[in-house]
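Residues per chain, in single letters:
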Amino acid sequence: RAGDEKGGAAMVQLKSAGGLVQALSALVHAEALSTADAEKITSLLQAKAREDDAGAPAASVYESHSDSILEVLTNLMEEAEDQLDATRKKETQDTHAFALLKQSLEDEMKYGNKEISEAKSGIAAAGSKKAKAEGDLTVTSNELSADDKALGDLHHECM
């Protein structure tokens, strides 16, 4: 029970202690910690105090956190670069496909216009030939009529 009272007294002293060093001293006096453990903790606290005095903590404190943050950022950057590369590749393919389609349609229009032009020229030439042929037919029909009349007159004279 005497040990329990010392432990109880140490806890009361811990609550009322102003700083960590005072708390450790109280625990050592209450025999809750051995002197060797107290020295280890004190040296750790002194090292911590030196870090606090120096300003920002040492980089090693953040190493484990910064590695994961840097890893996440690196992964995000790699994903963004992959997406950008894929988008650029798709854009290049789409641009090429568009150029091919455009060239194909322009060629089709060019040849279609050429065929229309040839067809119109053919129609015009055929119309000209038709008009000439109709003119020749009229002349030939008139000559035939004249020849038929002359034949009829000649036949009439001979009989």
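What you are looking at is a predicted structure, and each value in this text was computed from that prediction instead of being measured.

**Examining the overall build of the protein**
When you go through the protein residue by residue, the secondary structure sums to 4 helices and 0 strands. Sequence-ordered secondary structure for the protein, helices as α and strands as β, is α-α-α-α. Residues classed as buried in the protein amount to 4% of the 159 residues present. Carbon and sulfur atoms form 59% of the exposed surface of the protein, whose accessible area is close to 13600 Å².

**Quick word on the pattern of salt bridges**
If you walk through the whole model with that rule in mind, you get 2 salt bridges. Notably, a salt bridge pairs D94 with K90, separated by 3.0 Å at the nearest N-O pair. Of the two residues, D94 and K90 are both situated in helix α4 (residues 59-158); the distance of 4 residues between them amounts to about one turn of the helix. D94 sits in the partly exposed class, given a relative accessible area of 41%. For K130, the salt bridge goes to E134, with nearest N and O atoms at 4.0 Å. You can see K130 and its partner E134 sitting in helix α4, 4 residues apart, about one turn around the helix. Given a relative accessible area of 53%, K130 falls into the exposed group. Residue class for E134 comes out partly exposed when judged on its relative accessible area of 43%.

**Some remarks on a negative patch on the surface**
A cluster of acidic residues, E78, E79, E81, D82 and D85, forms a negative patch at the surface. Position of D85 among the secondary structure elements: in helix α4.

**Comments concerning a nonpolar patch on the surface**
Residues I69, L70, V72, L73 and L76 make up a contiguous nonpolar surface patch of roughly 480 Å² in combined accessible area. By the secondary structure assignment, V72 is in helix α4. The class for V72 is partly exposed, based on a relative accessible area of 48%.

**A few points about the confidence of the model for the protein**
With 58% of its residues at a pLDDT of 70 or more, the protein has an overall mean of 77. Here helix α1 (residues 2-16) stands out as the element of the protein with the lowest mean pLDDT, 45, in contrast to α4, whose mean of 90 is the highest. Long-range and interchain partners of residues 1-17, a stretch whose pLDDT sits below 50, account for 9 contacts in this model, where long-range means more than four residues apart.

What counts as what
Residues numbered from 1 in each chain as written. Predicted model: local features only at pLDDT ≥ 70, side-chain atom pairs only at ≥ 80, totals over all residues. Heavy atoms only, no water. Helix = DSSP H or I, 4+ residues; strand = E, 2+ residues; numbered from the N terminus. Buried < 20%, exposed > 50% of the residue type's maximum accessible area, 1.4 Å probe, protein only. Areas by Shrake-Rupley, 256 points an atom, 1.4 Å probe, with all protein chains shown as cover. Salt bridge = Lys/Arg side-chain N within 4 Å of Asp/Glu carboxyl O. Patch = residues over 30% accessible without salt bridge, like charges linked within 9 Å, V, L, I, M, F, W, Y side chains within 5 Å. Lys, Arg positive; Asp, Glu negative; His and termini not counted. Charge placed at Lys NZ, Arg CZ, Asp CG, Glu CD. pLDDT = per-residue confidence, 0-100. Contact = heavy atoms within 4.5 Å.

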